Amino acid sequence: MSNKPATTAPVTETVVTNPGVGRRLISMVYETLLAFAVLFLPFLIFEFIVQARHTPALEHTRQALLFLVLGAYFIHQWSREGQTLAMRTWRLKVVRPGHAHLSLQTAAVRYLLSWMWVLPALIVSAVLHLEKWQALGAIGVGVLAWAMTAFLDADRQFLHDKLTGTRLVQLPPLPKKKKQASAA
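The structure reproduced in this document is the subject of the present report. (Residues numbered from 1 in each chain as written. Predicted model: local features only at pLDDT ≥ 70, side-chain atom pairs only at ≥ 80, totals over all residues. Heavy atoms only, no water.)

Quick look at unusual backbone geometry
Then, number 1: The phi dihedral of glutamine 51 is positive, around 55 degrees, even though this residue is not glycine.
Then, number 2: Secondary-structure assignment places glutamine 51 in the loop between helix H1 (21-49) and helix H2 (56-80).
Then, number 3: The exposed category is assigned to glutamine 51, whose relative accessible area is 62%.
Then, number 4: One non-glycine residue, arginine 156, adopts positive backbone phi at about 60 degrees.
Then, number 5: With respect to the element layout, arginine 156 can be found in the loop between helix H6 (132-147) and helix H7 (159-164). (Helix = DSSP H or I, 4+ residues; strand = E, 2+ residues; numbered from the N terminus. Buried < 20%, exposed > 50% of the residue type's maximum accessible area, 1.4 Å probe, protein only.)

Written out as structure tokens, the structure reads:
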């Protein structure tokens, strides 16, 4: 008889990896499309209330509404499950190592810092009075510049994740469902 303790079956852990920058950027494109759906009802109600008028004050109110609605969506999703719908689709998750989930505060700071993808370009566009295609080009350059921050990190994490102590991880593929034999 051996004095070795009985071993149990190995515990299978969910293996996560660092997602590629391309995968994260494609997920962000999908996220942008889903953001239109998130914004649709609040903006429909707002436009109905203001009768679709356009004044400088109403334009700023629209911008504030966009910021607040998207903030509520992202902060809620990140602090609840660590994933938005687009992140679930691409099997990405935002985590804070050593924590079960993101706190509301961490999710809020991450949301604010994620505006750095476009905020510098929006400021440049406003200061230089860029219009339409020029402003869109400036935003494209800003997004590309922020994406390049991932290459400053060994794990390819974006700067807003480094600053908040969070990281994006890629979850393993979902198990494939077995085909059921059709009973005919």
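Having seen the structure, we can now continue with the description.
As for H2
Then, number 1: If you check H2, its first and last C-alpha atoms are 36 Å apart, about what 25 residues at 1.5 Å a residue would give, namely 36 Å.
Then, number 2: Taken as a whole, H2 has its buried residues at Leu58, Arg62, Val69, Leu70, Gly71, Tyr73, Phe74, Ile75, Gln77, Trp78 and Ser79.
Then, number 3: Buried residues in H2 make contact with H1, helix H3 (85-89), strand E1 (92-95) and helix H4 (104-114).
Then, number 4: Directly beyond the C-terminal end of H2, a positive phi value near 80 degrees is found at glycine 82. (Expected span 1.5 Å × (residues − 1). Contact = heavy atoms within 4.5 Å.)

Quick look at the side chain of threonine 106
Then, number 1: With respect to the helices and strands, the residue threonine 106 is situated in helix H4.
Then, number 2: Threonine 106 has contacts with Arg96, Thr164 and Thr166, leaving out every residue within four places of it along the chain.

Brief notes about H6
Then, number 1: Counted at 1.5 Å a residue, the expected span for H6 with its 16 residues is 22 Å, and the 22 Å between its end C-alpha atoms agrees.
Then, number 2: Buried within H6 are the following residues: Ala135, Ala138, Gly142, Trp146 and Ala147.
Then, number 3: Against the buried residues of H6 lie H1, H4, helix H5 (119-127) and H7.

Comments concerning the pairing of E1
Then, number 1: Residues Leu92 and Val94 of E1 are buried on one face, while the alternating residues Lys93 and Val95, pointing to the opposite face, are not.
Then, number 2: Of the strand pairs in this sheet, E1 and strand E2 (residues 167-170) are connected by four bridges, and their pairing is antiparallel. Note that in E2 the partner of lysine 93 across the bridge is valine 169. (Pairing = 2+ DSSP bridges.)

What about the nonpolar core?
For soluble globular proteins, the rule of thumb is that nonpolar side chains tend to be buried together.
Then, number 1: Leu70, Phe74, Trp78, Met87, Val94 and Tyr111 are the most contacted members of the largest nonpolar core, which totals 17 residues.
Then, number 2: Of all the secondary-structure elements, those providing two or more residues to this core are H1, H2, E1 and H4.
Then, number 3: The contact partners of tyrosine 111, leaving out residues within four places of it in the chain, are Leu66, Phe67, Leu70, Gly71, Phe74, Ile75 and Trp78. (Core = buried A, V, L, I, M, F, W, Y, C linked by side-chain atoms within 4.5 Å.)

As for the pattern of salt bridges
Then, number 1: A complete count under the given rule lists seven salt bridges for this structure.
Then, number 2: The partner of arginine 62 in a salt bridge is glutamate 59, and the shortest N-O contact between them spans 3.1 Å. In this pair, arginine 62 and glutamate 59 both sit in helix H2, three residues apart, roughly one turn of the helix.
Then, number 3: Since its relative accessible area comes to 31%, glutamate 59 is described here as partly exposed.
Then, number 4: Note that glutamate 81 is salt-bridged to arginine 88, the shortest N-O span being 3.4 Å.
Then, number 5: Take glutamate 81: its relative accessible area is 31%, and that puts it in the partly exposed class.
Then, number 6: Classification of arginine 88 as partly exposed rests on a relative accessible area of 36%.
Then, number 7: Through salt bridges with shared partners, a single network forms among Glu47, Glu59 and Arg62. (Salt bridge = Lys/Arg side-chain N within 4 Å of Asp/Glu carboxyl O.)

Interpretation note: all reported values are geometric properties and have no functional meaning in isolation.
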